[in-house]
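Topology and contacts: notes
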Amino acid sequence: INEGNHLLQWDSLNSQIKVWQNTSAFNFSSPTLISTFSIPTSDTTIVGTEAQINMSYQGGYLFAHREGTTRMHQFAFTY
């Protein structure tokens, strides 16, 4: 997000979303962790698993989709 300056990591086993800052745009060699947010754990189809999670960030919302399912999760997300 932010033209490659930040990277979002979905850590479903620990119920967290981590925001990493790159040293320059799209340089993922040594990102710095700048924020950690808790993921609501009410839906076990998306947290507490090692499943592949696809994410998209648009208009202040984070959308998450677990591979092999049809459910889309939406989070109001600012940092």
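Here, the structure is the one placed above.
Residues numbered from 1 in each chain as written. Predicted model: local features only at pLDDT ≥ 70, side-chain atom pairs only at ≥ 80, totals over all residues. Heavy atoms only, no water.

Looking at the overall build of the protein chain
Selection criterion: Helix and strand assignments follow DSSP, with helices taken as H or I runs no shorter than four residues and strands as E runs no shorter than two, numbered in order from the N terminus. Burial classes: relative accessible area under 20% of the type maximum marks a residue as buried, over 50% as exposed, and values in between as partly exposed (1.4 Å probe, protein chains only). Here, two residues are considered to be in contact whenever any of their heavy atoms come within 4.5 Å of each other. In short, Shrake-Rupley with a 1.4 Å probe defines the accessible areas, and a residue's cover is counted only from the protein chains shown.
Scanning the protein chain from terminus to terminus reveals zero helices and six strands. Listed by position from the N terminus, the elements making up the protein chain come as β-β-β-β-β-β. Viewed in the frame of its principal axes, the protein chain has a C-alpha envelope of about 35 × 25 × 20 Å. In the protein chain, which comprises 79 residues, the proportion classed as buried is 29%. Counting only contacts in the protein chain whose residues sit at least 6 apart along the sequence, the fraction spanning at least 24 positions is 29%. Of the roughly 5,000 Å² that the protein chain leaves accessible, carbon and sulfur atoms contribute 48%.

Overview of the sheet that holds strand β2 (residues 16-21)
Condition: Two strands pair under a simple rule: DSSP has to find at least two bridges between them. To define axes, lines are fitted to C-alpha atoms, for helices over the stretch in contact only, and angles between the resulting N-to-C directions are given on a 0 to 180 degree scale.
Strands sit in the order β1-β2-β3 across an open sheet of three strands; the sheet is antiparallel. The open sheet terminates on both sides in strands that have one partner only, identified here as β1 (6-11) and β3 (32-38). Across the sheet, the mean angle separating the axes of adjacent strands is 20 degrees when strand polarity is ignored. Examined bridge by bridge, β1 and β2 share six bridges and lie antiparallel to one another.

Focus on the environment of Trp-20
Short version of the rule: For this analysis, a polar contact is any N or O atom pair within 3.5 Å, provided that within protein one partner can donate a hydrogen and the other can accept it, and provided that sequence-adjacent residues contribute only side-chain to side-chain pairs.
On the secondary structure map, Trp-20 appears in strand β2. A distance of 2.9 Å separates a polar atom in the side chain of Trp-20 from a polar atom in the side chain of Gln-9.

Focus on the sheet that holds strand β5 (residues 61-66)
What holds strands together in a sheet is hydrogen bonding between their backbones, with the strands either parallel or antiparallel. The strand order β4-β5-β6 describes an open sheet built from three strands, whose pairing is antiparallel. Where the open sheet ends on each side, the last strands, each with one partner, are β4 (53-58) and β6 (72-76). If you compare each strand with its neighbour and ignore which way they point, the axes differ by 20 degrees on average. Summarising the sheet, β5 and β6 pair through five bridges and their orientation is antiparallel.

Focus on the pattern of salt bridges
Formally: Only one rule defines a salt bridge in this text: a Lys or Arg side-chain nitrogen within 4 Å of an Asp or Glu carboxyl oxygen.
Summed over the entire model, instances satisfying the criterion amount to one salt bridge. For Lys-18, the salt bridge is made with Asp-11, and the minimal N-O distance between the two is 3.4 Å. For the pair formed by Lys-18 and Asp-11, the shared burial category is buried.

Observations regarding unusual backbone geometry
The general pattern is negative phi for most residues beyond glycine and trans for most peptide bonds. Phi angles above zero are rare outside glycine, and Ser-15 is one such case at about 55 degrees. What makes Ser-15 buried here is its relative accessible area of 15%. Here the phi dihedral of Phe-26 falls at roughly 60 degrees; this positive angle occurs in a residue that is not glycine.

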